[in-house]
Amino acid sequence: MIGVQGQSVRPLRFDWNLKFTRPATRLAHEYWESCRAGRTMPTRADLKPAAMHKFTEHVGLVEVRAEPGPDVDYFIRRAGTKWEQVFGPMTGRLIHDFLPPEIETRWREVFDPVRTRVVPVRVTTGITFQRKTWLETEMFVGPLGADRVSMLFLTFVSWSALTDS
């Protein structure tokens with residue numbers, strides 16, 4: 001598939017069995033599970049920043065904004081420094097405000113299934129953004145909410161595919 005600026009877009013790989021390879025995503029998943037406390041999902045109020053100190057620079061909170069009708073928009077409530085090193089400033093912005101349409105579509109392909117299935121996922125892929133094609137990523141995306149998914153808890157880790165570190 002050809003994406004932004006003629007760059008080849010690598011597929012998104014979804015792992016619903018949650019077999020993480022990176023410490024930050026593994027820790028985030030364990031933390032999400034502990035906050036869930038037997039419920040379908042934790043709420044935003046269950047998250048405590050101090051408890052995430054080992055992986056906080058990788059954490060993002062994405063608010064799910066239901067539009068009139070079937071449309072949903074995603075608002076970046078908080079983006080960790082590791083996100084913004086790759087994608088630039090995004091905290092306080094809707095995804096269509098800072099992402100090209102092709103990349104926004106890919107983000108929706110990650111967010112939408114978690115929102116609709118109300119289960120967490122591990123996603124891996126290569127980055128295709130502003131010529132950063134050498135980057136690989138592993139993400140943990142977990143739903144947050146009481147009676148519906150109102151937010152996504154996302155942990156983003158990237159590394160150079162050239163060094164695999």
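In this report, we go over the structure that sits alongside the text. Since we're looking at a predicted model, the values are computed, not measured.

**Comments concerning the sheet that holds strand S3 (residues 72-79)**
Argument step 1. Spatial ordering of the open sheet is given by S1-S5-S6-S7-S2-S3-S4, a layout of seven strands whose pairing is antiparallel. The outermost strands of the open sheet, each flanked by one partner alone, are strand S1 (13-15) and strand S4 (93-94).
Argument step 2. The pairing of strand S6 (residues 135-144) with strand S7 (residues 151-160) spans ten bridges and is classified as antiparallel. Within S7, the position partnered with Met-139 by the bridge is Phe-156.
Argument step 3. The strands touched by helix H1 (residues 23-36) are S6 and S7; relative to S6, the strand with the most contacts, the crossing angle is about 5 degrees.

**What about the packing of aromatic side chains?**
Argument step 1. Across all of its chains, the model carries 13 aromatic pairs by this definition.
Argument step 2. On the basis of an interplanar angle of 70 degrees and a centroid distance of 6.1 Å, the ring pair of Phe-140 and Phe-153 is categorised as edge-to-face. With a gap of 13 residues between them, Phe-140 in strand S6 and Phe-153 in strand S7 connect regions that are remote in the sequence.
Argument step 3. Exposure remark for Phe-140: the relative accessible area of 0% places this residue in the buried category.
Argument step 4. What links up through ring pairs into an aromatic cluster is the set Tyr-74, Trp-83, Phe-87, Phe-98, Trp-107, Phe-111 and Phe-156.
Argument step 5. Positioned over the ring face of Phe-75 is Arg-65, at 3.9 Å from the centre of the ring.

**Quick word on helix H3 (residues 101-117)**
Argument step 1. With 17 residues, H3 ought to run about 24 Å at 1.5 Å a step, and its terminal C-alpha atoms sit 24 Å apart, in line with that.
Argument step 2. Residues Ile-103, Glu-104, Arg-106, Trp-107, Arg-108, Val-110, Phe-111 and Val-114 constitute the buried set of H3.
Argument step 3. Just downstream of H3, Val-118 is the residue with a positive phi angle, here 55 degrees.

**Overview of the side chain of His-58**
Argument step 1. Examined against the element boundaries, His-58 turns out to sit in the loop between H1 and strand S2 (59-66).
Argument step 2. Those residues in contact with His-58 that lie beyond four places of it in its chain are Ala-24, Lys-82, Trp-83, Leu-154, Thr-155, Phe-156 and Val-157.

**What to know about the nonpolar core**
Argument step 1. The biggest cluster of nonpolar side chains holds 48 residues, and the ones touching the most others in it are Ile-76, Trp-83, Trp-107, Phe-111, Leu-152 and Phe-153.
Argument step 2. In this structure, Ile-76 is in contact with Leu-61, Val-62, Trp-83, Met-90, Thr-91, Gly-92, Arg-93, Ile-95, Phe-98 and Trp-107, ignoring residues within four places of it in sequence.

Thresholds, definitions, all that
Residues numbered from 1 in each chain as written. Predicted model: local features only at pLDDT ≥ 70, side-chain atom pairs only at ≥ 80, totals over all residues. Heavy atoms only, no water. Pairing = 2+ DSSP bridges. Helix = DSSP H or I, 4+ residues; strand = E, 2+ residues; numbered from the N terminus. Contact = heavy atoms within 4.5 Å. Axes fitted to C-alpha atoms, helices over the stretch in contact; angles between N-to-C directions. Phe/Tyr/Trp six-rings, centres within 6.5 Å; stacked < 30°, edge-to-face > 60°. Buried < 20%, exposed > 50% of the residue type's maximum accessible area, 1.4 Å probe, protein only. Lys NZ or Arg CZ within 6 Å of the ring centre and 35° of its normal. Expected span 1.5 Å × (residues − 1). Core = buried A, V, L, I, M, F, W, Y, C linked by side-chain atoms within 4.5 Å.

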